[in-house]
Structure formats: C-alpha cells, structure tokens
Number of protein chains: 2
Amino acid sequence: MTKKIAIQGERASFHDVAARQFFGDDITIVPCDLPFSKVFDAFESADFAVCAIENSIHGVINEVYDLLLERRPWICGEVVLPIEQCLIGLPGAQLAAIREVYSHPVALSQCKQFLSTTLPQAKLLEADDTAGSVGLIAKWNDPTKAAIASAAAAKLYGMAVLAKAIETNHHNYTRFVVLAHKRPIEVKEANKTSLVLQLPHTAGSLAKALATFADQGINLSLIVSRPVVGKPGQYLFYIDLEVGLNNETLQIALANLHTEGNTIEILGSYRKNV
Amino acid sequence: MTKKIAIQGERASFHDVAARQFFGDDITIVPCDLPFSKVFDAFESADFAVCAIENSIHGVINEVYDLLLERRPWICGEVVLPIEQCLIGLPGAQLAAIREVYSHPVALSQCKQFLSTTLPQAKLLEADDTAGSVGLIAKWNDPTKAAIASAAAAKLYGMAVLAKAIETNHHNYTRFVVLAHKRPIEVKEANKTSLVLQLPHTAGSLAKALATFADQGINLSLIVSRPVVGKPGQYLFYIDLEVGLNNETLQIALANLHTEGNTIEILGSYRKNV
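Reading the values: rules and limits
- Residues numbered from 1 in each chain as written.
- Chains lettered and ligands numbered in written order.
- Predicted model: local features only at pLDDT ≥ 70, side-chain atom pairs only at ≥ 80, totals over all residues.
- Heavy atoms only, no water.
- Helix = DSSP H or I, 4+ residues; strand = E, 2+ residues; numbered from the N terminus.
- Buried < 20%, exposed > 50% of the residue type's maximum accessible area, 1.4 Å probe, protein only.
- Contact = heavy atoms within 4.5 Å.
- Areas by Shrake-Rupley, 256 points an atom, 1.4 Å probe, with all protein chains shown as cover.
- Lys, Arg positive; Asp, Glu negative; His and termini not counted.
- Charge placed at Lys NZ, Arg CZ, Asp CG, Glu CD.
- Pairing = 2+ DSSP bridges.
- Axes fitted to C-alpha atoms, helices over the stretch in contact; angles between N-to-C directions.
- pLDDT = per-residue confidence, 0-100.
- Buried area = accessible area lost by both parts, 1.4 Å probe.
- Salt bridge = Lys/Arg side-chain N within 4 Å of Asp/Glu carboxyl O.
- Polar contact = N/O pair within 3.5 Å; in protein donor to acceptor, adjacent residues only side chain to side chain.
- Nonpolar A, V, L, I, M, F, W, Y, C, P; charged D, E, K, R; others polar.
- Core = buried A, V, L, I, M, F, W, Y, C linked by side-chain atoms within 4.5 Å.
- Least-squares fit on C-alpha atoms with pLDDT ≥ 70 in both.
- Phe/Tyr/Trp six-rings, centres within 6.5 Å; stacked < 30°, edge-to-face > 60°.
- Parallel < 35°, antiparallel > 145°, perpendicular 65-115°, else oblique.
- Left-handed = near helix turned anticlockwise from the far one by under 90°.

A. Region of the structure containing the overall build of chain A. A tally of helices and strands in chain A yields nine helices and 15 strands. Going through the 274 residues of chain A one by one, you find that 53% of them count as buried. Taking as baseline every contact in chain A between residues at least 6 positions apart, the subset at least 24 positions apart corresponds to 74%. In the form shown here, chain A has an accessible surface area of approximately 11900 Å², with 52% of it arising from carbon and sulfur atoms. Treating the 24 positive side-chain charges of chain A as one cloud and the 28 negative ones as another, the clouds have centres 2 Å apart.

Structure (structure tokens):
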C-alpha cells in the first residue's frame, strides 16, 4: 500500500526529495506550510513524516526538537541531503535571454553571487516556494523567465536545468529525520541513537554524563545545549550517539545515567545516512 | 564622538534595538542586508558591529560562527532581547477597521495565530523588513492599513501600537554579540567567555576536555558541536563559559587543554547580559 508521508513544502521540494530518497517513489506526500508544527499535525493522519532538523549553515532547528519532545514520535531514519540549487527554464532557453528569475527569497539569497555575476540583467522576483516557481515558469511558457529550485522540480514540470549548483556556499546540506508513530519492538539495524538529556546546571554535570558514554567507548556525533524555558538553571542537551539503542554498551551507559538521577528521553534509533 | 555600528537590518529593527540597548542612543548605525557576511564587511569601516548569533526558536546561527572564525573580530559584549512583535497603525486606528497588514514574512508567520483570530478580515502582505513596513504605513496615512514590527519602529515613525506581544511563541528571544576590532588589554569586568574547541572524533575526547573545565569549577552556558567541513572525523565545539578570560581558573583550564594538544580559539570575553 502506498504510504502517506507528511512533509514541509510541496511536491519536488527538498523535503520531498528526502522522503523519496528514504521511501522510494511509491509514496503519497501530504504537503504542509511552515511552521513545522503543521507537519506534526498532518503526521497524525499520515503513516510517516519527514522533517528537517539541522542545516549546515543555519544549525540545529530548536523548534523541531521542541515538537519532538512535545509530540513524541519515534525517529526511525535520517536523510542527509546536499541542498543543490538549479536555475530552471524552458527547454532551449538561453541564459543570456533570461530577464526574470522567480524563487523563494531564501533560495534567491543563497544564489545571489551567481545571479549578480551571470545574470546581472535579470530581475529577481519572490515566490512562495522553490518548486512552485518552476510550475509558474512551465505555465507561462516564456523563455525569458526562469526559476531557482531542485533538479527534481525541473523534472517534475518537464523543464530544463540551465545551470546547476548555483548556490554560493556549496557546503550547504540539510539533515532530515523520518518520523514513525511507534517505536518498533526491535531496532537491530540501527547504528545511531538520538536522545535528550536534562541536567542540573552545576559545574561538571555534563562532563560526568559524557564520561558515562566515553567509558563505554561510545562516540557522539552531535551535542547541542539549550536552556529549559521557564526553568532557570536547567539545561537540555540534544545528543546523537554513534551506536544503536539495542547495543549493550549503550544499555549500560543509559542505566548508569538513570542511576545518577538524570532525565533521559530517547527520541529514536535508526541507521546513519552518511 | 558618535560611534558607527554595523547591524543587520534597518533603523528600528531588532538589531538596532539591541545596539541601542548596549551603546545608548548616541550611535550611527550602518544598516546591512542579509547574508550576515555583509554585516562583517561593513564592520571593516565601522567602530563596532552587532550581530544575532542565537535564537531561542531557531537555535545557534552556524553562519555567524563561521564568520567569527574567518574574520576574527573580538566579542566584547552580548545583548539578549525578547522578540516582541507589535501591531502598528496610525494613531487612533481601530483594530476592527484594519484591512491590510504588512511585514516581513517571518514576522507575519510568527503572529499568524493573532492575525487569524483577531484580524480574520485582514489581507497579509509581505514587505522587505519589519521596520520598513511601519514607514510605509506612516507614508500611506490610511487607518485601514497596519504593520508588524518592534515598538521601537512605532516610535521612530510616530505611529501607534494597536496590540503588543502578538507573537504566538512568547519565549522568542535573540542573543546578539557585540563585535570590536581588537581584544582589549584587560577584560576585568568580564564574567563570560566564548571559545571554539577543535577535538579529534574519538570516544571520550569531549568528556575529557569538559572535565578540564569542571575540575576548575567552571560552568558552561552553551555547547554546540559541528562537524568540520572537508575534514571528516574532526569536530568543532562552540562553548560559552560562565567565567571571564582573566579569571585564574580559566587560565589553568586553558593551559591544561593546550598541554593535551587541543586547538582552542578564544572568540571574546565580556559581561553576561542576563
């Protein structure tokens, strides 16, 4: 049966590309606007959700961690996607003839350098989303108009990629988490675990907690601190560990942390994407 | 002499409010567009810069940390500002008569709940920036048009605050850093230090480094990990410590970290704002 996947954005958005990379093409996406709470709302009546959680330029998205703690889905996978922007126009359109470029303001801003050097003659016009702007180009059927979006959006609307990787910062990738409703009974294949640790704000509390993982030879791939809203002196730590939840070393470390009175919330365990 | 301060955004933007909270009103701001690199460019010919580095909803801004490491200014202060959005109109304008609301798309999105319940009749229209949209309201002189921006923007243009704190999430604050060109000889008054630590990706390397601070009774107020672009297995850690750089305990901890062969970059030392 075709799975229903709630995502942020439209068909051929980067969330859609991430969802298809994880699930394949036999899915029905449920497109959602921002804020991210709408993705979590739509997830209620979908099978899975795919949601950005971290971007290499902007950092971790606190808003998504808040929703993970509040709504308690289970992270069952991750997708790390390079954000490669393309200039998209009608098949046969010439770069020199482009007079108008449409896209989401963030995408326009990511490609400013390319636009000012290669298309100084073009007017930049804001659209609601990247993929949707390619739909407009297809509809208008005018070779002087172009859009900025993913290569997937060009394919979806039968348009041509006129230039690729036009973003200024080529180290731009986004990490997406795949959300399921229930924690599976076994997570055998998992080699990564995401959790949230709450610690008192005393010197050494974090060093001690991390030593518990180090004692078991467990590597961290992410740690982000965050003050607890309304509880001065309490800190949350978002932590990703390079070990599956079923691994004995992690079970020992978690038991030790529990014994020391720390609050640990497991967000999920899954296979590492890169 | 009036100091020149490079900021992101225009007069009466939240960056401007932060700059005035730190320096007082006798400043000349140098307004800059996004991306944040433009603020760092403008800083070259200004006395100071004020730049957002962390938001309670969106998290730490990696892009700004990259610029701090590349350009090497000295963080000489911080400002933590609640982001309180106001509905702003002509003096005497009535909420029920508002038909159009102008603002930056992010601000419109932050206030969606208020807009849909209190002003369901109003059309939402995107503007380039929050403060600028208040300027438009003042120019148009039409009591059916309103803008969303800071209270400072209302004051600047002689407009009225029709409703305040209209953002959906009231725990929205942004932390700004104040950047100077040189590290002062003394940082006596400082009680906070920001640094970047580079560690090998081995189990326990972070736990060991943090124990060095804990051994000296030093508290962390922030820790964020980040993979080093192009160097797999190397991690950077953005760390804020609750102690000034001149404090003997920190000097001992830093000496120990150096001895163990870790790379430490001090970004600044300053007085804590909250």
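Structure shown, so let's carry the discussion forward.
B. Quick peek at the sheet that holds strand 7 (residues 100-103) of chain B. Residue and element names in this part refer to chain B. With respect to topology, five strands assemble into an open sheet ordered 8-7-9-6-10, the strand pairing being mixed. Each having just a single partner strand, strand 8 (123-126) and strand 10 (160-164) make up the two edges of the open sheet. Ignoring strand direction, the axes of neighbouring strands in this sheet form an average angle of 30°. Here strand 6 (residues 86-89) runs beside strand 10; their pairing, made up of four bridges, is antiparallel.

C. The arrangement of the pairing of strand 13 (residues 220-227) of chain A in detail. Residue and element names in this part refer to chain A. In terms of residue burial, strand 13 counts as a mostly covered element, since seven of its eight residues are buried. The sheet contact formed by strand 13 and strand 14 (residues 234-241) spans seven bridges and is antiparallel. In the strand pairing of strand 14, P227 is matched with Y235.

D. Just the confidence of the model for chain A, in detail. Taken as a whole, chain A shows an average pLDDT of 91; of its residues, 98% reach a score of 70 or greater. Interface confidence for the predicted complex, expressed as ipTM, amounts to 0.74; the pTM equals 0.80.

E. Quick look at the interface of chain A and chain B. Counting residues at the interface gives 39 residues for chain A, matched by 39 residues for chain B. Across the chain A to chain B interface the summed buried area is about 2800 Å²; carbon plus sulfur atoms make up 51%. Between the two partners, chain A and chain B, sit zero salt bridges. The tally of links between chain A and chain B comes to eight residue pairs in polar contact (both at pLDDT 80 or more). Mapped onto the side of chain A that touches chain B, the elements with two or more residues apiece are strand 4 (59-60), helix 3 (62-71), helix 8 (205-215), strand 13 and strand 14 of chain A. Tallying contributions element by element places strand 13 of chain A first for the side of chain A that touches chain B, with eight residues. Residues that form the side of chain A that touches chain B fall into these classes: 20 nonpolar, 13 polar and six charged.

F. Focus on the pattern of salt bridges. All names here are of chain A. With the rule as written, the count across this model stands at 30 salt bridges over all chains. The salt bridge involving K145 is made with D142; its shortest N-O contact spans 3.9 Å. What you see here is one network of salt bridges that share partners, running through E54, E78, R175, K192 and D240.

G. Structural detail: the nonpolar core. V50 and L68 of chain A together with V50 and L68 of chain B are the most contacted members of the largest nonpolar core, which has 90 residues in total. When residues no more than four places from it in sequence are discounted, the contact partners of L68 of chain B are F40, I53, P73, I75, L179 and L267 of chain B. L195 and F213 of chain A together with V243 and I266 of chain B belong to the second-largest nonpolar core, a separate cluster that totals 48 residues.

H. Representation of the relation of the copies chain A and chain B in the model. For the match of chain A to chain B, the screw axis carries a shift of 0.0 Å, the RMSD comes to 0.0 Å, and the turn is 180°. The transformation relating the two chain copies, once decomposed into turn and shift, fits a two-fold axis. Within chain A, V224 of chain A has its C-alpha nearest the rotation axis, a separation of 2.1 Å. Here 100% of the contact residues of chain A are again contact residues in chain B; the copies associate through an equivalent surface.

I. Region of interest: the sheet that holds strand 8 (residues 123-126) of chain A. Residue and element names in this part refer to chain A. In space, the five strands of this open sheet follow the order 8-7-9-6-10, with mixed pairing throughout. Only two strands of the sheet have a single neighbouring strand rather than two, namely strand 8 and strand 10 (160-164). The average undirected angle you get between the axes of adjacent strands in this sheet is 30°. Direction of pairing for strand 7 (residues 100-103) relative to strand 9 (residues 145-149): parallel, over a ladder of three bridges. Paired with V101 across the strands is A146, a residue of strand 9.

J. A look at the packing of aromatic side chains. Here the structure, examined in full by the defined rule, presents 10 aromatic pairs over all chains. Taken together, a centroid distance of 4.9 Å and an interplanar angle of 75° make the contact between F22 of chain A and F23 of chain A edge-to-face. F22 of chain A sits in the partly exposed class, given a relative accessible area of 35%. Residue classification places F23 of chain A among the buried positions, given a relative accessible area of 18%. On the basis of an interplanar angle of 45° and a centroid distance of 4.9 Å, the ring pair of F23 of chain B and F48 of chain B is categorised as tilted. Here F48 of chain B lies in strand 3 (residues 48-55) and F23 of chain B lies in helix 1 (residues 14-23), a separation of 25 residues in the sequence.

K. Examining the packing of helix 8 of chain A against helix 9 (residues 248-259) of chain A more closely. Residues and elements named next belong to chain A. With their axes 8 Å apart at the nearest point, helix 8 and helix 9 run at an angle of 155° to one another. Considering the angle they form, helix 8 stands roughly antiparallel to helix 9. When you trace helix 8 past helix 9, the crossing you get is right-handed. In this structure, helix 8 uses A209, T212 and F213 to contact helix 9, whose residues at the interface are L250, A253, N256 and L257.

L. Structural detail: the side chain of Q110 of chain B. Positionally, Q110 of chain B belongs in helix 4 (residues 105-110). Those residues in contact with Q110 of chain B, other than ones at most four positions away along the chain, are I83, Q85, I166, E167, T168 and N172 of chain B.

M. Expanded view of helix 8 of chain A. Taken residue by residue, helix 8 of chain A has S205, L206, A207, A209, L210, T212 and F213 of chain A as its buried positions. Positive phi appears at G217 of chain A, one or two residues downstream of helix 8 of chain A, with a value of about 70°.

N. How the structure looks around the side chain of T174 of chain B. Residue and element names in this part refer to chain B. By secondary structure assignment, the location of T174 is in strand 11 (residues 173-180). Separated by 2.8 Å, the side chains of T174 and N55 make a polar contact. Excluding anything up to four places from it in sequence, T174 contacts A52, E54, N55, V79, V80, L81 and I83.

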